[in-house]
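Listed here are the chains, written in short residue letters.
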Amino acid sequence: MIPFRYERPDDTAAAVDVLSSEPGAAYLGGGTNLVDLMKLEVARHDVLVDVRGLTPATIDDLPGGGLRIGASVSNSRLAADPRVRRRYPMLSQAVLAGASGQLRNMATCGGNLMQRTRCVYFQDLTTPCNKREPGTGCSAAEGHNRDHAILGASPQCVATHPSDMGVALTALDAVVRVQGPDGERAVPFGDFHRLPGDTPQRDTLLGHGELITAIDLPHLPSASRCRYRKIRDRASYAFALVSAAVALEVRDGAVHEVRIGLGGVAHKPWRASTAEETLLGRPATAASFLAAAEAELAGARPLPGNRFKVPLARNVVVGMLNDLAEEQL
């Protein structure tokens, strides 16, 4: 590992000041992704600013029934919290589907949102990668691309976002609270991560020095009627080929509210807005669910190695909607 300086400021304002003044600095939470990348020399930082003891490590009730998740809350604590399990079960299920127990104990919720892609070419310094070194090319486009994106990709990058938690958060309309050199701001989760476009090296909308302090979950009555499903190569620790976070509320046989997030298919946690719009007000039937899934995937651009993801994503979404509808009819 290349030598670096370690800083542990007294509060978040001081942490923001330190990082903002150091172009080669990065925040350190649990370190479960960042430290690995530094060992591989994929990530090179002159300074690490430890924020785990600075950002909140609590889960607090918000007025109106929502929750505020502190950025330093561990993934394990989030998944086990009774309020999360009761009000937002898809979120608890998504977190438990990710990583291993040891990693969930160490990983923070803020850090989960900042993890980088697990593309093998991104982690291999001997191969071209526009995300790691802009302008060098995308090895996955013509190489091994079984795990890669079918939605929202660009010629510059076809990598997928690895977070399970993020898939649930995008379906739940979470809001990311950020503190930076210019003060505090709130970023809707759907806007937080970026599609690759011509600048795949930028994963999020955060500016240099901005620090995640918390994640807000709104009060959503339908969120208790939901689930998360992850399709992967093995039942234990593995990243998703396709995953889905789905919430459905049926009234008088019709779809009253629906929320669908997809993972393993795009550069960011993917909100299936087209499918949601197609379903609202329609009969809660298998035919409606199939039409919605096909509408969402009409824009898919699979690669030679991952064409199977299109029918897989369709079947996962339709199956989950059918299961949730049967529980309410």
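Going along each chain's sequence as written, the residues are numbered from 1 onward. Per-residue local features of the predicted model are confined to residues with pLDDT of at least 70, and side-chain atom pairs are confined, for both listing and counting, to 80 or more; whole-chain, interface and lining totals are unaffected and use all residues. Note that the side-chain values use all heavy atoms of the structure and ignore hydrogens as well as water.

K.L.:
Go over the nonpolar core with me, naming the residues and quoting the values.
P.N.:
L78, M90, L91, L113, M165 and L169 are the most contacted members of the largest nonpolar core, which totals 38 residues. Excluding residues that lie within four positions of it along the chain, L78 makes contacts with I59, I69, V73, V84, L91, V95, C109 and M165. Remark: nonpolar core denotes a set of buried residues (Ala, Val, Leu, Ile, Met, Phe, Trp, Tyr, Cys) joined through side-chain atoms within 4.5 Å. The rule is simple: take the accessible area with a 1.4 Å probe, protein chains only, and divide by the maximum for that residue type; under 20% is buried, over 50% is exposed, in between is partly exposed. Grouped together as the second largest cluster of nonpolar side chains are 31 residues, V265, A272, L279 and A325 included. Between two residues, a contact is recorded if the distance between any of their heavy atoms is within 4.5 Å.

K.L.:
How would you summarise the sheet that holds strand 10 (residues 242-251) if you had to cite specific residues and measurements?
P.N.:
Strands are labelled as partners when DSSP assigns at least two bridges between them. Helix and strand definitions follow DSSP, with helices as H or I runs of at least four residues and strands as E runs of at least two, each counted in order from the N terminus. Pairing in this open sheet of four strands is antiparallel, and the strands run 9-10-11-12 from one edge to the other. Two strands in the sheet have a free side with no partner beyond their single neighbour: strand 9 (226-231) and strand 12 (270-271). Of the strand pairs in this sheet, strand 11 (residues 254-263) and strand 12 are connected by two bridges, and their pairing is antiparallel. Within strand 12, the residue paired with G261 across the bridge is R271. A fitted line through C-alpha atoms serves as each axis, taken over the contacting stretch for helices, and the angle formed by two N-to-C directions is quoted from 0 to 180°. Against the sheet, helix 5 (residues 89-97) makes contact with strand 9 and strand 10, and its axis sits at roughly 20° relative to strand 9, the strand it touches most. On top of the sheet, helix 12 (residues 309-328) reaches strand 9, strand 10 and strand 11; it is set at about 30° to strand 10, its chief contact.

K.L.:
Please provide a residue-by-residue account of the packing of helix 11 (residues 286-297) against helix 12, values included.
P.N.:
Put simply, helix 11 and helix 12 touch, their axes get as near as 9 Å, and they point 145° apart. Regarding helix 11 and helix 12, the two cross each other, and that crossing is right-handed. Residues A286, F289, L290, A293, E294 and L297 of helix 11 form the contact with helix 12, whose participating residues are V310, A313, R314, V317, V318, L321, N322 and A325. Polarity classes work like this: nonpolar for Ala, Val, Leu, Ile, Met, Phe, Trp, Tyr, Cys and Pro, charged for Asp, Glu, Lys and Arg, and polar for all others, with Gly in that last group. Split by residue class, the contact of helix 11 with helix 12 holds eleven nonpolar, one polar and two charged. Throughout, a crossing is termed right-handed when the near helix is turned clockwise from the far one, and left-handed when it is turned anticlockwise from it by less than a right angle.

K.L.:
Break down the sheet that holds strand 1 (residues 5-7) for me, with residues and values.
P.N.:
In space, the three strands of this open sheet follow the order 1-3-2, with parallel pairing throughout. Where the open sheet ends on each side, the last strands, each with one partner, are strand 1 and strand 2 (25-28). With direction set aside, neighbouring strand axes in the sheet form an average angle of 25°. Pairing analysis gives three bridges linking strand 1 to strand 3 (residues 47-50), with the strands arranged parallel. What sits directly across from E7, in strand 3, is V49. Seen against the sheet, helix 1 (residues 12-20) touches strand 1, strand 2 and strand 3 and runs at an angle of roughly 150° to strand 2.

K.L.:
So what about helix 1? Which residues, and what values?
P.N.:
Listing the buried residues of helix 1 in full gives T12, A15, V16 and L19. Along helix 1, the residues classed as buried sweep out an arc of 100° about the axis, all on the same side. Among the structural elements, strand 2, strand 3, strand 6 (175-180) and strand 8 (211-217) are those in contact with the buried residues of helix 1. Two or three places before A13, at the start of helix 1, stands the capping residue D11, its side-chain oxygen 3.3 Å from that residue's backbone nitrogen. Throughout, the arc means the angular range of directions from the helix axis out to the C-beta atoms. The definition of a polar contact used here is a pair of N or O atoms within 3.5 Å, where within protein one atom must be able to donate a hydrogen and the other to accept one, and adjacent residues in sequence count solely through side-chain atom pairs.

K.L.:
Lay out unusual backbone geometry with the relevant residues and their values.
P.N.:
The backbone phi angle of E41 is positive, close to 65°, even though this residue is not glycine. Along the polypeptide, E41 turns up in the loop between helix 2 (34-39) and strand 3. Not every positive phi belongs to a glycine, and A99 is a case in point at roughly 55°. Its place among the elements puts A99 in the loop between helix 5 and helix 6 (101-106).

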